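# An overview of the molecular structure
Spelled out from the first residue to the last, the chains are:
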Amino acid sequence: MTYLVIPLVKIVVILLVLILGAAYLTFFERKILAYIQIRLGPNRVGPKGWLQAIADALKLFVKEDLTPARSEKFVFLLAPVLIIVPALLVFAVIPFGPSDIWRLTDINVALLFVLGVSSVGIYGIILGGWSSNNKYSLMGGLRSAAQLISYEVPMGFAVVTVVVMAGSLSLVRIVEVQRELGVWFFLPGIVALFVYFVCGVAETNRNPFDLPEAESELVGGFHTEYSGMKWAFFFLGEYANMIVISAMATVLFFGGWLPPFPNLLAPLWALPAVAWVPPPFWFLLKVAAFIFLYMWFRGTFPRYRFDQLMRLGWKVLLPVSLANLMVVALGVLILGGRS
Amino acid sequence: MERTHLKAFADAEEMEISFGPQHPSTHGVLRLMVKVDGERILDVKPIIGYLHRGTEKLFERETYNGCIPHTDRMDYTAAVTNNQGLVGAVERLMGITIPPRAAYLRMILAELQRLASHLVWLATHALDIGAQTPYFYCFEERDKILDLFEEYCGARLTTNCMRVGGMPFDLTPGWTDRCRAFIEQFPAKVSDWERLLTKNRIWRERTVGVGVISAADAIEWGLTGPPLRGSGVRWDIRKVFPYDRYDEVEFDVPIGTNGDTYDRYLVRMEEMRQSVRIIRQCLERLPDGPVMAKVPKIIKPPKGEVYFSVEAPKGELGYYLVSEGGDTPYRLHVRPACFINLQALPEMVRGQLVADLVAVIGTLDIVLGEIDR
Amino acid sequence: MSWWDKILAFIPLELVQGLGVTGKYLFRKKVTVQYPEQRLEPKDRFRGMFGFSEERCIVCHNCAKACPIDIIHITDHFEESVVDGKKRKKKVLDRYDIDVKRCMFCGLCEEACPTKPVAIWLTTKTYETAAYERNERLYFDKVRLQTWDGVLPFPGVKAPAEGGMPEDPKAEKKAAGGEGA
Amino acid sequence: MAEEDKGAARASAPAGAPAGDPAAAPKAPWEDKPVTPVPHDAGAHPAVAELEAAVPGAVAEAVEMAGQVTVVVPLNRLLAACQALKEQLGYGFLVDLTVVDWPGREAGRFDVVYWLHRHRDESRLRVKVRVAEGQEVPSVTPVWKVANWMEREAFDMFGLYFGGHPNLERILTWEGFSGHPLRKDFPLEGIDTGAAIYPDVFPPGGGPVAGGGEE
């Protein structure tokens, strides 16, 4: 019985937290962008605007759901599903803490699972853009396809760097190795982290790589024709993907649930004053930092052009990640890696 | 059956996109019929006139001072320079010399307006290229300028702040101090934005080599203002045919070298600094005295014709005034800078990408109110 | 450019600099004005809602002539009265309507007004004139122009009928063509 | 001619005009009556002479007013004159092109006005050609590309036909608009345009009238 009930409870909790989190990310994003832009941001709904996310969700629920007359109805419906389901699915393998309570499952090819599942999400964008029967959407979808091809590869190599260092594909194991080594992988893998995060931003279609939606060029890009809850799914998917990329960056490079300097400051973390802090707190803190970085980027950078983005992917990130992989592999070989 | 149109869509090699008139980055109601092959632009056909209000026809029934509010509404981001051109034309035809204080006031206001207009340009241009934040920084500064306008003439956007023969009011006490305070803090802000954009590799990639037009082509296509100077032609009405007292102040005319979007960006950024320089000199020299010349109550220029142009923020803004001796213009034609600059758009974007189209529209700094009149 | 510079150029330092600028603004004082609760006070010369004083008006039609878009409609008639045994002819205002919905607030009517203090003025600081039905609510006859029925006066400003009239022809409210100060 | 515009500005605005000491000096120009510019013949003006030399018979009339030279060119010499102006005299920049309507004038109803600029010495020249209603004006688009939209606007607003124009369409009003708004006989309050766009909804003559509905 517990074999069934406990995972189910966990799934429900994770999904609820995730969806609520994604909804509130929109709020935080608006707030942070507003503060960067010397404005106040949403502050009318509820105390200090805290109910804004709920109000937005309600609005989207009751909004009329339009389907363009000459669209591919089934694919049009399928696209938002395709984008949100993989984004949520990834959380099955992400470890939020050291013990089994803090994760849904720990599979030994978790990293492959994450990479594989999260790239399915792009199909949602491509299909959504194609099925809308709108030229802007189509161009958005095409850009998205190009982006997918260009950025999946360097991202893979960046992740492989970590695998080389950790000697495992299991996310739990990767964090454990970081604890055992006493050094988080962002130090030896700084280049890999950079490549990974740039690719991550590109994969989630966020500024400065938000070409598929590119409001000032393609109006809304792939989601021009979407409205109501279908559009909300795209939105949720985007934010869930941001969380995924940030969570993965945390696990791969920043020691997952480990508190800062887990070995050096071990006596400090053992103090009763801080020992009660659950490990997911540190995890979420790091994720939040990455998400803040996302928003900071959005508030600062202009947008790349479609061909420049491809050039960056193929001519800069790919060679850099490859070279980095070789250097790291050599280093692991010399220092006596653990594979 | 339902699929056929999608199939036709997929097989087509060329696609025609209707860009606007409600597109977010066409700066108003510009409509472009863009023929694309993938993302590459084969041809662009601008369709304008959505904001046509018959201003030139309206001029023919207004008294000369009554025309001034109508000019506000042409280039609504630069109402002061519009007024300046019109009153300048009437004064030229009547042979009125305005008092030096009025001339300096006009210069101060016009340069403030140039700053405000360039701020709108930078804000929207950066927004088109995807940088959202400069928009708000620019509009914060622009609001300070509009506050100065409001204090001087009572309106922020449609200023209506000049009359034939001078200025309708004198400055309020303390205005010059506030103006000076503004221009003292302004260059630091420009540097901030430059830190955000000028060296930024994304910004450079998006603008360098985009929308190139050579100096010879620029003259052939009649470009004026920053688009002409960006191509390396050092030509500015303020230097060539100085009006008001521009011959008494020192300023440089910045030029670019390549004639691309990046150069035009640099030219405008430098123009902002030069405007600050002009305002500073004007504030130092602002003489006392009347602000209105002695003009008849009903303004009746003699029979004749005159063309008078000012260097508006967008380029050469000219007024061609034909008078029959009555109290309304017989014909008052406007030479709108944006209208003529926009004409070169197809030439500048052919063969480039859709994303560049947006950048080039931004760099031409068009205002549809002036294009359509 | 040496090869070292080329490698250095890979490192996006200028992007970090840009992040620094936005990071600096993140902690700056915000400029938002929370509109219905906070209102920006317009400057003294701000051209807002019309004020009109029937007792000052001498029915000269100058404002109607100065209006570039002819939205001021005035009709009058002569009234004869006997004061101290002398016959006096007096112009009496029948109708003084302003079609505010079409007004572009250029202020030329105020400049044209020959009375001192002016009988029509826009320097009322009042700008909240929005209405649901523009043909009815934004068409002001001479009574509504003075009582401001349907217009929310700017805090501290009184409607003309309640005495909110310009006291003295101040220097800045001089008509065009006046001598400079 | 380099100084034509500047010169006029100087003449009416003496530099260093006394601002602080009006009593000692004669009346400042802004306190005096304006000096109205008077048109006078400019046949001897070097720019006019150059044009006459380059294209004999191109100058029918030359007037100078407020420092600006106007040359009236006969319609049949227009294209030749424009080519010579651009290629031989260096007027590479067509600043403005517009039309003035003079209904009932004997010499032709319309004035087409070209306003040219020469970068060499920064001088300007106004070329004018008189056209009767229905007469075709040769397009100067082959000479100055910039004339394209200007001529389209002139066509739209005045109904002048520019022969040889690559794309003579209406530009500010829409295709199907009847009338040419800037002609003097076009009513200021506009015309019934609804019928032209929505023939099914509005019968001819029964459409909404621009400016109607007020009071």
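Look above for the structure.
Since the structure is predicted, the reported quantities are computational estimates derived from the model, not experimental observations.

Okay, the overall build of chain A next. Helix and strand counts for chain A stand at 13 helices and 0 strands. Ordered by position in the sequence, the α and β elements of chain A form the string α-α-α-α-α-α-α-α-α-α-α-α-α. When its C-alpha atoms are laid out on the principal axes, chain A stretches across 60 × 50 × 45 Å. Every one of the 339 residues in chain A was classed for burial, and the buried ones make up 54%.

Contact residues are listed per partner, giving 18 residues for chain C and 16 residues for chain A. For the chain C and chain A pair, buried surface summed over both sides reaches about 1400 Å², with 72% attributable to carbon and sulfur atoms. Looking at the side of chain C facing chain A, the largest losses of area belong to C:L19, C:L26 and C:K30, adding up to 38% of the total buried there. Here chain C is connected to chain A by 1 salt bridge.

The subject of this paragraph is helix α3 (residues 78-87) of chain D. Residue and element names in this part refer to chain D. Those residues of α3 that fall on the buried side of the exposure criterion are L78, A81, C82, A84 and L85. With its buried residues spanning 165° around the axis, α3 presents them on a single face. Next to the buried residues of α3 lie α2 (46-54), β3 (68-73), β5 (110-118), β6 (123-131) and β7 (136-138).

Turning to the arrangement of the chains, a few remarks are in order. With 5 pairs of chains in contact overall, the contact-richest pair is chains B and D. Contact between chain A and chain D is absent, and the minimum C-alpha spacing across the pair is 25 Å.

This paragraph deals with the pairing of strand β6 (residues 331-335) of chain B. All names here are of chain B. Buried residues dominate β6, accounting for 5 of its 5 residues. The two faces of β6 match: R331, H333 and R335 on one face and L332 and V334 on the other face are all buried. Of the pairings in the sheet, the one linking strand β5 (residues 315-323) to β6 comprises 5 bridges and is antiparallel in character. Residue L321 lies in a different strand from β6, and its bridge partner there is L332.

For the pair helix α5 (residues 135-166) of chain A and helix α13 (residues 306-335) of chain A, the least separation of the axes is 9 Å and the interaxial angle reads 10°. By the angle between their directions, the pair α5(A) and α13(A) is classed as roughly parallel.

The next subject is the packing of aromatic side chains. Residues and elements named next belong to chain A. Using the criterion set out here, one finds 46 aromatic pairs over all chains in the structure. A ring pair is formed by Y151 and F209, whose centres lie 5.8 Å apart and whose planes are at 55°; its orientation type is tilted. Remark: F209 occurs in the loop between α7 (190-203) and α8 (215-218) and Y151 occurs in helix α5; sequence separation between them is 58 residues. Judged by relative accessible area, which is 0%, Y151 ranks as buried.

With that settled, consider the interface of chain B and chain D. Facing the 57 residues of chain B at the interface are 61 residues of chain D. Summing both partners gives a buried area of about 5200 Å² for chain B against chain D, and 59% of it is carried by carbon and sulfur. Looking only at chain B, the three residues that lose the most surface to chain D are B:K57, B:E220 and B:F241, adding up to 14% of its buried area. With a closest N to O distance of 2.9 Å, D:K86 and B:E220 form a salt bridge. At the boundary of chain B with chain D, the tally comes to 23 residue pairs in polar contact (both at pLDDT 80 or more). Residue contributions to the side of chain B that touches chain D peak at 5 residues, all from strand β4 (residues 304-312) of chain B. Partitioning the side of chain B that touches chain D into residue classes produces 28 nonpolar, 10 polar and 19 charged.

Calculation notes
Residues numbered from 1 in each chain as written. Chains lettered and ligands numbered in written order. Predicted model: local features only at pLDDT ≥ 70, side-chain atom pairs only at ≥ 80, totals over all residues. Heavy atoms only, no water. Helix = DSSP H or I, 4+ residues; strand = E, 2+ residues; numbered from the N terminus. Buried < 20%, exposed > 50% of the residue type's maximum accessible area, 1.4 Å probe, protein only. Contact = heavy atoms within 4.5 Å. Buried area = accessible area lost by both parts, 1.4 Å probe. Salt bridge = Lys/Arg side-chain N within 4 Å of Asp/Glu carboxyl O. Arc of directions from axis to C-beta. Pairing = 2+ DSSP bridges. Axes fitted to C-alpha atoms, helices over the stretch in contact; angles between N-to-C directions. Parallel < 35°, antiparallel > 145°, perpendicular 65-115°, else oblique. Phe/Tyr/Trp six-rings, centres within 6.5 Å; stacked < 30°, edge-to-face > 60°. Polar contact = N/O pair within 3.5 Å; in protein donor to acceptor, adjacent residues only side chain to side chain. Nonpolar A, V, L, I, M, F, W, Y, C, P; charged D, E, K, R; others polar.

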